[in-house]
Amino acid sequence: MALPDFSMRQLLEAGVHYGHQTARWNPRMGEYIYGDRNGIHILDLTQTVPLLDQALKVVRDTVAKGGRILFVGTKRQAQKPIAEAAEKCAQYYMNHRWLGGTLTNWKTVSQSIQRLKQIDEVLAAGGEGLTKKERLNMERDQSKLQASLGGIREMGGVPDLLFIIDVGKEDLAIQEAQKLGIPVVAVVDTNCSPKGVSHIIPGNDDAARAIALYCDLIARAALDGMSAQLGAAGVDLGALEAAPEEAAAEEA
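Residues numbered from 1 in each chain as written. Predicted model: local features only at pLDDT ≥ 70, side-chain atom pairs only at ≥ 80, totals over all residues. Heavy atoms only, no water.

Naming follows an unreviewed UniProt entry, where the protein chain appears as Small ribosomal subunit protein uS2 of Pseudogemmobacter humi. On record in UniProt, under Sequence similarities (unreviewed entry), the comment for the protein chain is "Belongs to the universal ribosomal protein uS2 family." (UniProt positions renumbered as here; feature names shortened; annotations may be inferred.)

Asks: Account for the domain arrangement of the protein chain, naming residues and giving values.
Replies: Accessible area lost during the coming together of the parts is what is often quoted as the interface size. We note that the domain assignment places domain 1 (8–103 + 158–232) and domain 2 (104–155) within the protein chain. A straight line from the C-alpha centre of domain 1 to that of domain 2 covers 30 Å. Across the boundary between the two partners, domain 1 contributes 16 residues, which contact eleven residues of domain 2. Both sides together, the interface formed by domain 1 and domain 2 hides about 1,200 Å², and carbon and sulfur atoms give 66% of it. By the criterion of area lost to domain 2, the three top residues of domain 1 are Tyr92, His96 and Thr102, representing 33% of everything that side buries. At the surface where domain 1 touches domain 2, the tally comes to zero salt bridges. For the side of domain 1 that touches domain 2, the elements supplying multiple residues, two or more each, are strand 5 (92–94) and helix 6 (171–180). A class-by-class count of the residues in the side of domain 1 that touches domain 2 yields nine nonpolar, four polar and three charged. (Domains from an automatic or database assignment. Contact = heavy atoms within 4.5 Å. Buried area = accessible area lost by both parts, 1.4 Å probe. Salt bridge = Lys/Arg side-chain N within 4 Å of Asp/Glu carboxyl O. Helix = DSSP H or I, 4+ residues; strand = E, 2+ residues; numbered from the N terminus. Nonpolar A, V, L, I, M, F, W, Y, C, P; charged D, E, K, R; others polar.)

Asks: Any chance you could break down the sheet that holds strand 2 (residues 33–37) for me, citing the residues and the numbers?
Replies: With antiparallel pairing, the three strands of this open sheet are ordered in space as 1-3-2. Of all the strands in the sheet, the pair left with one neighbour each is strand 1 (18–21) and strand 2. Between one strand axis and the next, the sheet turns by 30 degrees as a mean value, whatever way the strands run. (Pairing = 2+ DSSP bridges. Axes fitted to C-alpha atoms, helices over the stretch in contact; angles between N-to-C directions.)

Asks: Kindly report on the sheet that holds strand 6 (residues 161–165), identifying the contributing residues and their values.
Replies: Ordered by their spatial adjacency, five strands build an open sheet running 5-4-6-7-8, and the pairing between neighbours is parallel. Only two strands of the sheet have a single neighbouring strand rather than two, namely strand 5 and strand 8 (199–202). Strand-to-strand, the axes of this sheet are offset by a mean angle of 20 degrees, without reference to chain direction. In the sheet, strand 4 (residues 69–72) pairs with strand 5 via three bridges, with the strands oriented parallel. When the sheet's bridge partners are listed, valine 72 is paired in strand 5 with methionine 94. In the packing of helix 3 (residues 76–88) onto the sheet, contacts are made with strand 4, strand 5 and strand 6, and the angle to strand 5 comes to roughly 165 degrees. Where helix 7 (residues 208–232) meets the sheet, its contacts fall on strand 4, strand 6, strand 7 (184–188) and strand 8, and the angle it forms with strand 6 comes to roughly 165 degrees.

Asks: A description of the pattern of salt bridges should follow, citing residues and the corresponding values.
Replies: Taken as a whole, this structure holds 15 salt bridges when the rule is applied. Among the salt bridges present, the one from glutamate 13 reaches arginine 9, with a minimum N-O distance of 3.0 Å. Of the two residues, glutamate 13 and arginine 9 are both situated in helix 1 (residues 8–13); the distance of four residues between them amounts to about one turn of the helix. Residue arginine 9 is classed as exposed on the basis of its relative accessible area of 59%. Put simply, Lys75, Asp166, Asp205 and Asp206 are held in one network by salt bridges that share partners. (Buried < 20%, exposed > 50% of the residue type's maximum accessible area, 1.4 Å probe, protein only.)

Asks: Residues and numbers for the nonpolar core, please.
Replies: Ranked by size, the top nonpolar core spans 37 residues in total, and within it Phe71, Phe163 and Ile165 carry the most contacts. Within the residue set of this core, elements represented by two or more residues are helix 2 (45–64), strand 4, helix 3, strand 6, strand 7 and helix 7. The element best represented in this core is helix 7, accounting for ten residues. Of all hydrophobic cores here, the second largest spans 34 residues; its members include Leu116, Leu123, Met155 and Ala173. (Core = buried A, V, L, I, M, F, W, Y, C linked by side-chain atoms within 4.5 Å.)

And the structure:
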């Protein structure tokens, strides 16, 4: 595998260059703005391309060293692509609501994760000995905890890198990452401040196609890092890929 390829044409087609209304701009993003059209800021994609490439390298290198990546995107149009991308590359995500203290108070969060696992076990076993009301309350707790913590239940500790869509909405996550010295890769639109972001991807953070593109590229970079990690550990990737096919042929 190799780092995922992308072209400026793909970014244009996904609407990555469209910023917000000129009246709502953040002067800190001025250097990444090419101009404006019909009262909308246009981002300079000749800067986005190398910065996105750099961000993908950071993701790949983090995973290659055995690091964990937390995908964060809680706005409606980011929820599904964030979860799918994280699952595709066996990483972690928060797409419901950022819980204050997720990083800075990991001990408390891990207790809630334990509670979720216990509830799962009880209900999976049929919830024997529970009254109807107790079972109902437990199911309610389960769905709440699953929505908030399902994407990080197997993370096992604070992540090594955050990937964020919409830094304005996820400012709490960035503050916590800063406190702990965790690097942040983030898509930053013209109306946001890049403060606290270690690796900026200047781009539209609202368009569904743009969000899907970022998520796909980040997931593929993480998968590339994973194959590099396995290769370094002496795992024969060719044999791994061939194995399921051989097994299927034997069964047939």
